Amino acid sequence: MENKKSVFQTLFEINVNKQVEKKNGLNYLSWAYAWSEVKKIYPSATYKVYETPEGCIYHTDGRTCWVKTGVIIENLEHIEYLPIMDYKNKSILLENITSFDVNKAIQRSLTKALARHGLGLYIYAGEDLPEVEVEKITSRDAKILKNIVYDMKESEKLYQGILQKYNVKTFKDLTVKQRTEILQALSEMERKYKNDGKI
């Protein structure tokens, strides 16, 4: 007689790769997709957002904040604690927290609680590794890079394109490695324009 698969094994074997999005170096799985996949197999599954004694849906130490969520499948609950973070994955200070930040953290926390049950757990591998501080470029280097860009053809379009590609608001947010990549790309563009007789 074949043994029945556990909840973890059943969910872990689901391939979620096509639903994974990558932002700022981290992998994300849509909350709606993750929840629908679980409910298809386990209709009685439930989730919980843990509130403070005062009824607040996020918790704080007076400086930063986090959310606490739980997912229950077949009477087993897995709980996830997740900091409320900005677009750079850095904790947001208490005074700057918005309802949007809280909602986003809750959705991601629930997705990670589902991962503890097995669904898409493999996509979070490596998140618990120590963070390496990435060296940012100096204000002077950012200004020089911007001047180089604005000396080129369709400069504003090029500038906005670079910001979008590296998901930064200004060149000051770029890393040293990214600056090197951009300079190499700009050099190649300039060489190509010259060869084509465009400049």
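In the block above lies the structure referred to throughout.
Residues numbered from 1 in each chain as written. Predicted model: local features only at pLDDT ≥ 70, side-chain atom pairs only at ≥ 80, totals over all residues. Heavy atoms only, no water.

### Description of the layout of surface pockets
Moving on, step 1. Approximately 520 Å³ is the volume found for the second largest pocket.
Moving on, step 2. The wall of the second largest pocket is formed by 24 residues, among which Lys 23, Tyr 28, Lys 104, Gln 107 and Arg 108 lie closest to the centre.
Moving on, step 3. Secondary-structure elements contributing two or more residues to the lining of the second largest pocket are strand S1 (20-23), strand S2 (26-29), helix H2 (31-41), strand S6 (76-83) and helix H3 (99-116).
Moving on, step 4. Per element, the largest residue contribution to the lining of the second largest pocket is 6 residues, and it comes from H3.
Moving on, step 5. Across the lining of the second largest pocket, the residue classes tally to 11 nonpolar, 7 polar and 6 charged. (1 Å grid on protein atoms, 1.4 Å probe; cavity = no way out; pocket = protein on both sides within 12 Å on 5 of 7 lines; lining within 4 Å. Points joined across faces, edges and corners; volume = space filled by probe spheres on them. Helix = DSSP H or I, 4+ residues; strand = E, 2+ residues; numbered from the N terminus. Nonpolar A, V, L, I, M, F, W, Y, C, P; charged D, E, K, R; others polar.)

### Notes on the nonpolar core
Moving on, step 1. Of all hydrophobic cores here, the largest spans 31 residues; its most connected members are Leu 11, Ile 73 and Ile 84.
Moving on, step 2. Of all the elements in the fold, those that place two or more residues in this core are helix H1 (7-12), H2, strand S5 (65-73) and H3.
Moving on, step 3. Those residues in contact with Leu 11 that sit more than four places away from it in its chain are Val 38, Ile 41, Tyr 42, Ile 73, His 117, Gly 118 and Leu 119.
Moving on, step 4. Listed in part, the 15 residues of the second largest apolar core include Ala 142, Leu 158, Tyr 159 and Ile 162. (Core = buried A, V, L, I, M, F, W, Y, C linked by side-chain atoms within 4.5 Å. Buried < 20%, exposed > 50% of the residue type's maximum accessible area, 1.4 Å probe, protein only. Contact = heavy atoms within 4.5 Å.)

### Some remarks on the pairing of S6
Moving on, step 1. Relative to S6, S5 runs antiparallel, the two being bridged by 8 bridges. By the bridge assignment for S6, Trp 66 is matched with Pro 83. (Pairing = 2+ DSSP bridges.)

### Details of the side chain of Asp 173
Moving on, step 1. Examined against the element boundaries, Asp 173 turns out to sit in the loop between helix H5 (155-165) and helix H6 (176-195).
Moving on, step 2. Once you skip the residues sitting within four places of it in the chain, Asp 173 turns out to touch Tyr 87, Lys 88, Lys 136, Val 168 and Gln 178.

### With respect to the environment of Val 49
Moving on, step 1. Tracing the backbone shows Val 49 in strand S3 (residues 46-49).
Moving on, step 2. Looking at Val 49, the relative accessible area reads 25%, which means it is partly exposed.
Moving on, step 3. Sequence separation of Val 49 and Lys 68 is 19 residues, and the distance between their C-alpha atoms is 6.2 Å.
Moving on, step 4. Those residues within four positions of Val 49 in sequence are excluded, and the remaining contacts are Ile 57, Lys 68, Thr 69 and Ile 106.

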